[in-house]
Amino acid sequence: MNYKLIAIDMDGTLLRSDKTLSESTISILKEVMKQGCEIVISTGRCLKELYDIFEKLPEIRYFITTNGALVYDAKEDKVIYENSISIPLVYKIIEASHRKDLMLHILDFECIIEKDKLEHVETYKMASYREMYTKIAKCVDSIDSYFKENEKTIQKINLYHKNKEDRQESITFLSQFDLCLTYAESCALECTANHVNKGIGLQKLSSYLNIDSKQIASIGDSFNDLSMFKTANISFAMGNAEEEVKKQADIVVSDNDHDGVKEAIEYIKNFE
């Protein structure tokens with residue numbers, strides 16, 4: 001097998017629509033890892049939101065999280081790379097959250113949301129994440145108050161909107177600051193420090209592992225996966241991906257509910 005590292009997105013890619021992993025996908029991932037290929041989870045989620053992966057695929061050692069703001073070695077509990085949002089810019093994002101009725105989500109080594117927003121998560125088009133947030137999120141009465149008491153740099157902040165028009169208003173306001181803004185879900189906006197993306201995270205990890213870009217494959221479904229498509233030698237878009245994402249991938253496979261990841265890995269295994 002020529003490929004030594006396969007970077008795989010989670011939501012909409014590795015996970016099915018119900019946020020579960022198929023047994024056939026788990027099986028093929030374990031198989032290629034036994035052959036010496038590193039499987040790397042590359043996700044917009046934070047570490048705490050990866051509990052299912054740690055449980056079902058404990059063999060996976062390396063993670064690119066929060067859209068590339070953190071590269072992490074789970075075996076050594078070691079931060080390989082981190083690039084977080086500065087404290088002044090965190091306050092600007094919080095300010096943006098006051099301009100419209102939206103849900104603010106802080107992702108760092110913890111997952112933090114407001115209690116009253118969780119109760120109405122469907123309003124912000126994030127119903128499929130209710131179970132996860134209920135299980136692992138730190139719920140606070142006010143993120144404003146929480147952050148004032150716990151000022152620190154933050155890996156990533158998500159803004160969940162009621163509609164695309166509200167999201168565009170957030171983009172217009174935040175575009176004047178030194179931030180990286182990425183579309184996600186139907187009405188979400190992901191905010192990270194500038195020059196943060198999955199592609200840079202993948203570059204940092206491959207350099208750390210001394211793996212050449214010609215030995216890297218990537219699999220994803222969303223706009224935040226495009227940077228890692230460019231970093232990898234070969235890229236796969238899921239059948240459920242946006243059309244623009246499909247256009248920028250080398251190969252389109254089946255959707256996330258029909259083992260598209262398994263299909264991609266079978267192709268990689270047979271590639272010479």
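Below: a short report on this structure. No experiment lies behind these values; they were computed from the predicted model shown.

Procedures and definitions
- Residues numbered from 1 in each chain as written.
- Predicted model: local features only at pLDDT ≥ 70, side-chain atom pairs only at ≥ 80, totals over all residues.
- Heavy atoms only, no water.
- Core = buried A, V, L, I, M, F, W, Y, C linked by side-chain atoms within 4.5 Å.
- Buried < 20%, exposed > 50% of the residue type's maximum accessible area, 1.4 Å probe, protein only.
- Helix = DSSP H or I, 4+ residues; strand = E, 2+ residues; numbered from the N terminus.
- Contact = heavy atoms within 4.5 Å.
- Pairing = 2+ DSSP bridges.
- Arc of directions from axis to C-beta.
- Axes fitted to C-alpha atoms, helices over the stretch in contact; angles between N-to-C directions.
- Polar contact = N/O pair within 3.5 Å; in protein donor to acceptor, adjacent residues only side chain to side chain.
- Salt bridge = Lys/Arg side-chain N within 4 Å of Asp/Glu carboxyl O.
- Phe/Tyr/Trp six-rings, centres within 6.5 Å; stacked < 30°, edge-to-face > 60°.

Description of the nonpolar core
In a soluble, globular protein the nonpolar side chains are often hidden away together inside. Judged by nonpolar contacts, the single largest core of 33 residues is most densely connected at I6, I8, I53, I219 and I265. Where this core is concerned, the elements lending two or more residues are β1 (5-8), α1 (23-34), β2 (38-42), β4 (70-73), β12 (216-220), β13 (234-237) and α11 (260-270). At 5 residues, the largest contribution of residues to this core is made by α1. Once residues within four sequence positions are removed from consideration, I6 is found in contact with M1, C37, E38, I39, V40, A217, I219, I265 and I268.

Topic: the pairing of strand β5 (residues 78-82)
Across 4 bridges, β4 lies against β5 in antiparallel orientation. In the strand pairing of β5, D73 is matched with K78.

Observations regarding helix α3 (residues 87-97)
In an α-helix there are 3.6 residues to a turn, and that puts residues three or four apart on one side. Turning to α3, its buried residues number three or more, namely L89, V90, I93, I94, A96 and S97. For α3, the arc enclosing every buried residue in end-on projection is 155°, short of the 170-degree limit, so these residues lie on one face. Elements that come into contact with the buried residues of α3 comprise β6 (103-107), α6 (143-149), β9 (156-160), α7 (164-174), β10 (179-184) and β11 (188-193).

As for the sheet that holds strand β8 (residues 138-140)
Sheet architecture is open: 6 strands sit in the order β8-β7-β6-β9-β11-β10, paired in mixed fashion. In this open sheet, the two strands that pair with only one neighbour each are β8 and β10. Averaged over all neighbouring strand pairs, the angle between strand axes comes to 25°, with direction disregarded. Note: β9 against β11, 4 bridges, orientation antiparallel. Across the sheet, the residue bridging to I157 is C191, located in β11. Along the sheet, α3 makes contact with β6, β9, β10 and β11, crossing β9 at roughly 10°. Sheet strands in contact with α7 are β9, β10 and β11, and its direction is about 170° off that of β10.

So, unusual backbone geometry
With a phi close to 45°, T66 is a non-glycine residue in the positive phi region. Turning to its location among the elements, T66 is positioned in the loop between β3 (62-65) and β4. For T66, a relative accessible area of 0% gives the class buried. Positioned with a positive phi, E185 is a non-glycine residue whose angle comes to about 50°. Counting through the fold element by element, E185 comes out in the loop between β10 and β11.

A short note on the sheet that holds β13
Within the open sheet, the 8 strands sit side by side as β5-β4-β3-β2-β1-β12-β13-β14. Their pairing is mixed. Sheet topology places β5 and β14 (251-252) at the edges, where each strand pairs with a single neighbour. Taken strand by strand, helix α8 (residues 198-209) contacts β1, β2, β3, β4, β5 and β12, and its axis lies near 155° from that of β3.

Quick notes on the side chain of H105
Looking at the secondary structure, you find H105 in strand β6. Polar side-chain contacts of H105 include one of 3.4 Å to the side chain of E49.

Re the pattern of salt bridges
One pass over the full model with this rule turns up 19 salt bridges. Between K100 and E169 there is a salt bridge whose closest N-O contact spans 3.4 Å. Taken together, the positions of K100 in the loop between α3 and β6 and E169 in helix α7 put the pair 69 residues apart, joining distant regions of the chain. Here K100 falls in the partly exposed class, since its relative accessible area comes to 28%. A salt bridge links K162 to D101, with the shortest nitrogen-to-oxygen separation between them at 2.7 Å. One end of the pair, K162, is in the loop between β9 and α7; the other, D101, is in the loop between α3 and β6, with 61 residues separating them in the sequence.

Section: the packing of aromatic side chains
What the rule picks out here adds up to 5 aromatic pairs. An angle of 75° between the planes, with centres 5.1 Å apart, marks the rings of Y91 and F147 as edge-to-face. A residue pair is termed long-range when its members are at least 10 positions apart, and Y91 in helix α3 and F147 in helix α6 qualify at 56 residues. Of the residues examined, F147 reaches a relative accessible area of 1% and is grouped as buried. Relative to F177, the ring of F173 lies with its centre 5.5 Å away and its plane at 70°, an arrangement referred to as edge-to-face. For the pair shown, F173 and F177 are each scored as buried.

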